[in-house]
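Residue-level listing of the chains:
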Amino acid sequence: MNSTFKRKFLIIPGLIVIGVICFTILPRFWFSAYLKNDYHIPDPPLAQAKKADRLCLIFALDGVPFDLMDELYKEGFFKGFYKPGRLVSTFPSLTRPAFSRMLIGGKPFGYERLYFDSSENRIKGFTLLRKIFSSTEKYPDYHPKLHFLGFPGYIAYVFPDRFTQTAIDGFKKRVVEFKGTEFIAYMGISDAISHVRGREALKKFLKRISRLLDETRNESGVQMDMVVFSDHGNNFVPNQWVDLVTPLERAGFSDSKHLETQKDFVLIQNGFVSSAAIYCSNKTAPSISETLSHVNGVDFSVFKAGNSVIVHGKNARAQIRKQEDRFRYTPITGDPLSLGPIMHDLNKTGKADTNGFIHENDLWEATRDHIYPDPLRRIWDGLHNLVQYPATILVSFKDGYAFGPDIFNRQLIAGRESTHGALLASHSNGFFMTDFKPVEPYNRPKTVANLLKKAAELKGNGFKSRGLKNE
Ligand SMILES: [Zn+2]
């Protein structure tokens, strides 16, 4: 054997060993240490010697659609629970605003990790590099509420399966050792599995979560009340990258980092989702929306116009107005939200007042099963109240189309298996269930927020001996 051959003979197994250490052992070791962090700022676990005799477990699962949870329930999983109901997300149907509304009832700065601060005229938030291995910092969103953060950062979207067992083991250990009365856990790996691996992989993961919750109930040694829910759906179809910049530049607009002229727009690029947030001058918004309406893959865009909102789809425009808890939908050309027959029925049954405004609860009842569930309130909310720095224009894509950094246009990672963000039902419908009381078939984020508020009040009033079940 000559020496060159010997060297090669040693180098190859050496590289394999280094590869195994770097890609399997080290990430797990790091993640398992990371899972011991407690982010719960307002109320750290009590340093009491004895465990409380009752524990409310709030378990937030990222990106699990209602249909899949319903299918699993019918197959006999999540047995200890009442049957799941739909949970219609925010618009855009994205993690940060949806979980923030449910877990803290508050507003994050933006829709995703990056946002445009209009007062400072610049993009702010996490850079991707900081986000790859880091999932939280002091931030006005749901993170400071968590006792357990089951998400290794964006590296989960590169290796979604690598962290599953570590997250499951880490959760179980933390909750069994926990001494307080309310444990809030977030499992983010489910969304990464959906985006990258698709429906069957997510189903497999959820079966493990079903077993995990059974084991937790049996092994915690205390009475438990469990609330389990997700923030949005996932469409489970490969998604084509949409180029928004080229058509806008061709139309004379300028892709910018700051807004200096009427032609400038700032397009925030985060993950690969079926919605987009554009910041520009209010005067420019109608013409940008008009340009976008002809872009293949764009379903519609929405922007504020005076005290109304305009919905602009392809050859279709409508106006939304709001008066207290009532909304009015007025088609200008066509019917961009396909609400014609529903509006006709609501008018016929006397639900509209003399000015054509309809109460949000009546609209909710009439549209919660629509292709765009609860569209008027969610669109209004998305442009006004959902985040601290709302976009000038929000874009909602058709099924099968998504937007994100240009890297998602590359063959290697193009398409993927799933996404969410759009107003569409398949992108928006998460689930909600508890093991102590049946839930409504259709729910809004505020239902979960109210239940959690109730749990917090009970906690202050001797929750540990009564539980949510007895309320
Ligand atoms: Zn999510």
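Residues numbered from 1 in each chain as written. Predicted model: local features only at pLDDT ≥ 70, side-chain atom pairs only at ≥ 80, totals over all residues.

Chemist: Describe the sheet that holds strand S17 (residues 393-397), naming the residues involved and giving the relevant values.
Modeler: Read across the open sheet, the 9 strands follow the order S9-S10-S11-S17-S12-S13-S14-S15-S16; overall the sheet is mixed. Each edge of the open sheet carries a strand with a single partner, namely strand S9 (254-255) and strand S16 (358-359). Each of strand S10 (264-267), strand S11 (275-280), strand S12 (298-305), strand S13 (308-313) and S17 touches helix H9 (residues 285-292); the most contacted strand, S12, lies at about 175° to it. (Pairing = 2+ DSSP bridges. Helix = DSSP H or I, 4+ residues; strand = E, 2+ residues; numbered from the N terminus. Contact = placed C-beta atoms within 7 Å. Axes fitted to C-alpha atoms, helices over the stretch in contact; angles between N-to-C directions.)

Chemist: Go over the environment of tryptophan 30 with me, naming the residues and quoting the values.
Modeler: Mapping tryptophan 30 onto the fold places it in helix H1 (residues 3-34). Residues tryptophan 30 and threonine 166, spaced 136 residues apart in sequence, show a C-alpha to C-alpha distance of 9.9 Å.

Chemist: Which residues make up the pairing of strand S6 (residues 182-187), and what are the values?
Modeler: In terms of burial, S6 is a largely internal element, 6 of the 6 residues being buried. Going residue by residue along S6, you find Glu182, Ile184 and Tyr186 tucked away on one face and Phe183, Ala185 and Met187 tucked away on the opposite face as well. By the bridge criterion, 6 bridges tie strand S1 (residues 54-61) to S6 in an arrangement that is parallel. Among the inter-strand pairings, cysteine 56 is bridged to a residue of S6, identified as glutamate 182. Pairing between strand S5 (residues 148-150) and S6: 3 bridges, direction parallel. Looking across to S6, one finds that glycine 150 is bridged to methionine 187. Remark: the S5/helix H5 (residues 164-177)/S6 crossover connection has right-handed handedness. (Buried ≥ 20, exposed ≤ 12 C-beta atoms within 10 Å, placed from the backbone. Right-handed = clockwise from strand over helix to strand, strands pointing away.)

Chemist: Report on the environment of leucine 114, specifying residues and quantitative values.
Modeler: Inspection of the secondary structure puts leucine 114 in strand S3 (residues 114-117). Given 19 C-beta atoms within a 10 Å radius, leucine 114 is considered partly exposed. Linking leucine 114 and isoleucine 268, residues 154 residues apart in sequence, is a C-alpha distance of 6.7 Å.

Chemist: Which residues make up the packing of H5 against helix H7 (residues 199-219), and what are the values?
Modeler: Their axes nearest at 10 Å, the elements H5 and H7 cross at an angle of 20°. Taken together, the axes of H5 and H7 lie roughly parallel to each other. For H5 against H7, the interelement crossing comes out right-handed. Of the residues in H7, those in contact with Thr164, Ile168, Phe171, Lys172, Val175 and Val176 of H5 are Phe205, Arg208, Leu212, Glu215, Thr216 and Glu219. Split into classes, the residues belonging to the contact of H5 with H7 amount to 6 nonpolar, 2 polar and 4 charged. (Parallel < 35°, antiparallel > 145°, perpendicular 65-115°, else oblique. Left-handed = near helix turned anticlockwise from the far one by under 90°. Nonpolar A, V, L, I, M, F, W, Y, C, P; charged D, E, K, R; others polar.)

Chemist: How would you explain the nonpolar core if you had to name every residue and give the values?
Modeler: If you look at the biggest cluster of nonpolar residues, it comprises 120 residues, and the most contacted ones within it are Ile58, Ala185 and Ile278. The biggest single contributor to this core is S1, with 7 residues. Leave out the neighbours within four places in its chain, and alanine 185 touches Ile58, Phe59, Ala60, His147, Phe148, Gly150 and Phe171. (Core = buried A, V, L, I, M, F, W, Y, C linked by C-beta atoms within 7 Å.)

Chemist: Go over the sheet that holds strand S20 (residues 442-443), please, and point to the residues and values.
Modeler: The sheet built from 7 strands is open, its strands ordered S5-S6-S1-S7-S19-S2-S20 with mixed pairing. In this open sheet, the two edge strands, each paired with only one partner strand, are S5 and S20.

Chemist: Describe the packing of helix H6 (residues 189-197) against H7, naming the residues involved and giving the relevant values.
Modeler: Interhelical geometry of H6 versus H7 gives an angle of 155° and a closest axis separation of 7 Å. Looking at the two axes, H6 sits roughly antiparallel to H7. Two secondary-structure elements touch here, H6 through Ser190, Ile193, Ser194 and Arg197 and H7 through Ala201, Leu202 and Phe205. By residue class, the composition of the contact of H6 with H7 is 4 nonpolar, 2 polar and 1 charged.

Chemist: Tell me about the pairing of strand S19 (residues 429-434), and please be specific about residues and values.
Modeler: Burial analysis of S19 places 6 of its 6 residues in the buried class, which makes it a mostly covered element. As paired strands, strand S2 (residues 85-88) and S19 are joined by 4 bridges and run antiparallel to one another. Across the sheet, glycine 85 pairs through a bridge with phenylalanine 432, a residue of S19. Judged from the 3 bridges that link them, strand S7 (residues 223-230) and S19 form a sheet pairing that is antiparallel. The partner of phenylalanine 229 across the bridge, within S19, is phenylalanine 432.

Chemist: Give a description of helix H3 (residues 95-103) that names residues and reports values.
Modeler: Burial of H3 is extensive: 9 of the 9 residues sit out of reach of the surface. Along H3, the residues classified as buried are Thr95, Arg96, Pro97, Ala98, Phe99, Ser100, Arg101, Met102 and Leu103. Of the residues trailing H3, glycine 105 is marked for its positive phi of about 60°.

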